[in-house]
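Below, each chain spelled out in residue letters.
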Amino acid sequence: MGRDNKQGQSNNKGSLPQTPKNQKIAPNKVSEEFSQEFMELINSVAQNKNKKKK
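Keep in mind the model is a prediction, meaning the values are calculated, not measured.

A. Highlighting the overall build of the chain. Broken down by element type, the chain carries one helix and zero strands. Sorting the 54 residues of the chain into buried and exposed places 0% on the buried side. In the form shown here, the chain has an accessible surface area of approximately 6,000 Å², with 50% of it arising from carbon and sulfur atoms.

B. Just a nonpolar patch on the surface, in detail. Side chains of Ile25, Val30, Phe34, Phe38, Met39, Leu41, Ile42 and Val45 sit close together on the surface and give an oily, nonpolar patch of about 750 Å² of accessible area. Among the secondary structure elements, Ile42 is positioned in helix α1 (residues 30–53).

Cut-offs used in this document
- Residues numbered from 1 in each chain as written.
- Predicted model: local features only at pLDDT ≥ 70, side-chain atom pairs only at ≥ 80, totals over all residues.
- Heavy atoms only, no water.
- Helix = DSSP H or I, 4+ residues; strand = E, 2+ residues; numbered from the N terminus.
- Buried < 20%, exposed > 50% of the residue type's maximum accessible area, 1.4 Å probe, protein only.
- Areas by Shrake-Rupley, 256 points an atom, 1.4 Å probe, with all protein chains shown as cover.
- Patch = residues over 30% accessible without salt bridge, like charges linked within 9 Å, V, L, I, M, F, W, Y side chains within 5 Å.
- Salt bridge = Lys/Arg side-chain N within 4 Å of Asp/Glu carboxyl O.

This is the structure:
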């Protein structure tokens, strides 16, 4: 006889188990987070180019 492979509904379906609560981002804030990270990346690249020119 085999084991029952029935997978019932999970209570944790909407959660991210490996992410601490203080690091989760609300879905409506995700695009804002991406734009901030892109601006930081663009600024750091621009600073590196300016340093190389000098």
